[in-house]
Amino acid sequence: MNQDIATILVTTEQINDAVARLGQELTAEYRDKNPLVIGVLRGVAPFMIDLVRAMDCYLEIDFIDVSSYGDATESSGAVTVLKDIDSDVTGRHVLLVEDIVDTGRTLEKLLELFAGRGAASVKVCSLLDKPERRIVNVTADYIGLSVPNEFVVGYGLDFRQQYRNLPYIGVLKPEIYQN
Ligand code: 5GP
């Protein structure tokens, strides 16, 4: 896999530092709130696992699977819930955990969905932010790192379902997209 990467944008050490910092901030925020931490599948998987272990407080986890239709590197406007959470969010402090906020459409849709379910609060933590690409005016409350306007893979993020297991975040060589 490593030979398919043109540039490493975020090293494993930078990821670990960002996760540790977010874990401290979220521990302070949620210490007495027993939050429901909801990961947005599938790209969030490695980040979610590391993040909750960096949070030193009582919490519960759940997952939601959404799909945004489009070609391999560009999401379209349509966002569909493929698998909903199993938990009741009424009166709960919800923390949505995302891999990346790009256009913002997925996050907008998720915030709409949870707004109507009676949560005590809904906040968002995203590992990555790509602010240059934003189409919808939404921001995560907690952000690990900002990345430039490039399609990135690794640490959960895929290209055609591959590269999610890379321990760093990088950009693929152009010929990989052309194959
Ligand atoms: P948005 O709805 O904000 O445009 O993006 C939602 C989803 O598109 C993200 O959760 C992620 O799955 C995917 N996505 C956006 N940008 C990238 C990227 O640079 N690389 C990869 N692999 N996926 C991305």
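Rules and cut-offs
- Residues numbered from 1 in each chain as written.
- Predicted model: local features only at pLDDT ≥ 70, side-chain atom pairs only at ≥ 80, totals over all residues.
- Heavy atoms only, no water.
- Axes fitted to C-alpha atoms, helices over the stretch in contact; angles between N-to-C directions.
- Helix = DSSP H or I, 4+ residues; strand = E, 2+ residues; numbered from the N terminus.
- Parallel < 35°, antiparallel > 145°, perpendicular 65-115°, else oblique.
- Left-handed = near helix turned anticlockwise from the far one by under 90°.
- Contact = heavy atoms within 4.5 Å.
- Nonpolar A, V, L, I, M, F, W, Y, C, P; charged D, E, K, R; others polar.
- Phe/Tyr/Trp six-rings, centres within 6.5 Å; stacked < 30°, edge-to-face > 60°.
- Buried < 20%, exposed > 50% of the residue type's maximum accessible area, 1.4 Å probe, protein only.
- Lys NZ or Arg CZ within 6 Å of the ring centre and 35° of its normal.
- Near = heavy atom within 4 Å.
- Polar contact = N/O pair within 3.5 Å; in protein donor to acceptor, adjacent residues only side chain to side chain.
- Areas by Shrake-Rupley, 256 points an atom, 1.4 Å probe, with all protein chains shown as cover.
- Pairing = 2+ DSSP bridges.

Student: Looking at this model, I keep getting lost on the packing of helix 1 (residues 12-30) against helix 2 (residues 45-53). Mind explaining?
Tutor: For any two helices packed against each other, the geometry comes down to the angle between their axes and how far apart the axes lie. Relative to each other, helix 1 and helix 2 sit at 55°, their axes nearing to 8 Å. Our classification of the angle between helix 1 and helix 2 gives oblique. Helix 2 is crossed by helix 1, and the crossing has right-handed handedness. Across from Val19, Leu22, Gly23 and Leu26 in helix 1, the residues of helix 2 making contact are Phe47, Asp50 and Leu51. Of the residues in the contact of helix 1 with helix 2, the class split is 5 nonpolar, 1 polar and 1 charged.

Student: Just checking my understanding: could you explain the packing of aromatic side chains for this structure?
Tutor: Each aromatic ring pair is described using two quantities: the centre-to-centre distance and the angle formed by the ring planes. All told, the structure shown has 3 aromatic pairs when counted by the stated rule. Look at Phe151 and Tyr177: their rings are 6.2 Å apart centre to centre, the planes differ by 75°, and that puts the pair in the edge-to-face class. Placement of the pair is Phe151 in the loop between strand 7 (142-146) and strand 8 (152-153) and Tyr177 in helix 4 (residues 174-178), with a sequence separation of 26 residues. Here the aromatic rings of Phe159 and Tyr177 are separated by 5.0 Å at their centres, their planes lie at 80°, and the arrangement is edge-to-face. Within this pair, whereas Phe159 is found in the loop between strand 8 and strand 9 (169-172), its partner Tyr177 is found in helix 4, the two being separated by 18 residues in sequence. What makes Phe159 buried here is its relative accessible area of 6%. These aromatic residues form a ring-pair network of at least three members: Phe151, Phe159 and Tyr177. Lys33 extends its terminal NZ or CZ atom over the ring of Tyr30, reaching a point 5.9 Å from the ring centre. The ring of Phe114 has Arg117 lying over it, and the distance from NZ or CZ to the ring centre is 5.2 Å.

Student: So what exactly am I meant to see when it comes to the site of the ligand here?
Tutor: Lining the immediate surroundings of the ligand are 16 residues, of which Thr103, Thr106, Lys130, Val152 and Asp158 lie closest. Between Thr103 and the ligand, the recorded distance is 2.5 Å, taken from a side-chain N or O atom to an oxygen atom. Protein coverage of the free-state accessible area of the ligand, which is 510 Å², stands at 87%. At the level of secondary structure, the elements contributing two or more residues to the shell around the ligand comprise strand 5 (93-101) and helix 3 (105-115).

Student: I tried to follow the sheet that holds strand 1 (residues 5-10) on my own but got confused; where do I start?
Tutor: For sheets, the rule is that strands pair by backbone hydrogen bonds, running either parallel or antiparallel. Taken in spatial order, the 3 strands make up an open sheet running 1-9-8, and their pairing is antiparallel. If you trace the sheet from one side to the other, it starts and ends with strand 1 and strand 8, each paired once. Of the strand pairs in this sheet, strand 8 and strand 9 are connected by 2 bridges, and their pairing is antiparallel. Following the sheet pairing, Val152 is matched in strand 9 by Val171.

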